[in-house]
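Take a look at the letters that make up each chain.
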Amino acid sequence: QNAINHFWSTRMSQIQKQQASGRSDAGTRGAVTGGKQMLVFEQLAVSIALERGIPESSIFYSSALELPGYFRPEKKWDLVIVDEGILVAAIEFKSQVGPSFGNNFNNRAEEAIGTANDLWIAYREGAFGLTLRPWLGYLFILEDHPKSTCSVRLQEPHFQVFPEFKGASYAKRYELLLIRLIRERYYDAGCLLLSKATTPPITTEPCSILLAKLFFTQLAGHLDTHIMSKII
């Protein structure tokens, strides 16, 4: 809840700061370009890693975030854990707030798929050395808004889309995206939070396998395994 509160308060302060400076970005873009509204979520992951015994020097969330890819030289993640030369975990913390959800959904989907696929091929080709499979996580906040929760019209000029997408809102599309990213092993865990910008913010979790508690518990379990492998 603290992380959600920080997310919305940071977005608002960034918009106000942009407006006061007279350099307002188009729409609410100032809230995106202004900085780290996902910071407290990152700090939560950091605190879990420290509790599990990961050295602070092995946790990166403000710099040194680049990891090699296969189709491109490198990609910057939001949080990376590299302990004694071993890539232990990499996490993306992303969000989307209205009023535009359509193009942004496609961009986010392409980014999530491409980022993971690029890393796994690099892993297969030995970019990270001879190590156990790293843990990849994807946490996403979507604004709970009438435009994100209503049925979305489909374009099917040549072929029918899969039936589960018919009548699906953008919220449902994100849910399906994250579930399939996990089932296809692009990511080891995903989290989807729907949040309203009320005071205080109201947040729901629409899917039982995309819960925040489960996401961070799975991260902790993987870190425990890594620490144990160093001891044995």
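Nothing here was measured: the structure is a model prediction, and the numbers come from that model. (Residues numbered from 1 in each chain as written. Predicted model: local features only at pLDDT ≥ 70, side-chain atom pairs only at ≥ 80, totals over all residues. Heavy atoms only, no water.)

**What to know about the overall build of the protein chain**
Rules: By definition, any uninterrupted DSSP run of H or I lasting at least four residues is a helix, any uninterrupted run of E lasting at least two residues is a strand, and each is numbered from the N terminus. For every residue, the accessible area obtained with a 1.4 Å probe (protein chains only) is divided by the maximum for its type, and the residue is called buried under 20%, exposed over 50%, and partly exposed between those limits. Whether two residues touch is decided by their heavy atoms; if any such pair falls within 4.5 Å, the residues are in contact. Only the protein chains shown count as cover for residues, and all accessible areas are computed by the Shrake-Rupley method using a 1.4 Å probe.
Each helix and strand counted, the protein chain has seven helices and eight strands in total. In terms of overall dimensions, the protein chain has a C-alpha envelope of 55 × 50 × 35 Å along the principal axes. Out of the 232 residues belonging to the protein chain, those deemed buried represent 44%. Contacts in the protein chain between residues far apart in sequence, at least 24 positions, make up 59% of those at least 6 positions apart. Counting only carbon and sulfur atoms, one obtains 55% of the accessible surface of the protein chain, whose full area is about 12,400 Å².

**With respect to helix α6 (residues 170-183)**
Quick reminder: α-helices carry 3.6 residues per turn. Residues three or four places apart thus point the same way. The condition that has to hold: In this analysis, the expected span of each helix is defined as 1.5 Å times one less than the number of residues it contains. Any pair of N or O atoms that falls within 3.5 Å is considered a polar contact. Within protein, one atom must be able to donate a hydrogen and the other to accept it, and sequence-neighbouring residues count only if both atoms are side-chain atoms.
Here α6 is 14 residues long and its end C-alpha atoms lie 20 Å apart, about the 20 Å a rise of 1.5 Å per residue gives. Here α6 lies mainly inside the structure; 10 of its 14 residues are buried. Along α6, the positions that sit buried rather than exposed are Y170, A171, R173, Y174, E175, L176, L177, L178, I179 and L181. At its buried positions, α6 is contacted by β5 (86-96), α4 (102-124), β6 (135-143), α5 (146-149) and β7 (189-196). The distance from a side-chain oxygen at the start of α6 to the backbone nitrogen of A171 is 3.4 Å, and the residue carrying that oxygen is S169. Directly beyond the C-terminal end of α6, a positive phi value near 65° is found at R185.

**Quick word on the packing of aromatic side chains**
Here is the rule: Between the rings of Phe, Tyr and Trp (Trp by its six-membered ring), a pair exists once the centres lie within 6.5 Å; its type follows the angle of the planes, with under 30 degrees stacked, over 60 edge-to-face, and the other angles tilted. Counted as over-ring charges are cases with an Arg CZ or a Lys NZ within 6 Å of the ring centre that also lie within 35 degrees of the ring normal.
A complete count under the given rule lists 11 aromatic pairs for this structure. Taken together, a centroid distance of 5.0 Å and an interplanar angle of 80° make the contact between F7 and W8 edge-to-face. When its relative accessible area of 0% is taken as the criterion, F7 is described as buried. Each ring, one from F105 and one from Y170, has its centre 6.3 Å from the other, and the planes form 45°; the classification is tilted. Taken together, the residues span a long stretch of sequence, with F105 in helix α4 and Y170 in helix α6 at a distance of 65 residues. Both residues of the pair, F105 and Y170, count as buried. Joined through ring pairs, the aromatic side chains of F101, F105, Y138, F140, Y170, Y174 and Y187 make up one cluster. Its end group placed over the ring of W77, K75 keeps NZ or CZ at 5.5 Å from the ring centre. Its end group placed over the ring of W120, R133 keeps NZ or CZ at 3.8 Å from the ring centre.

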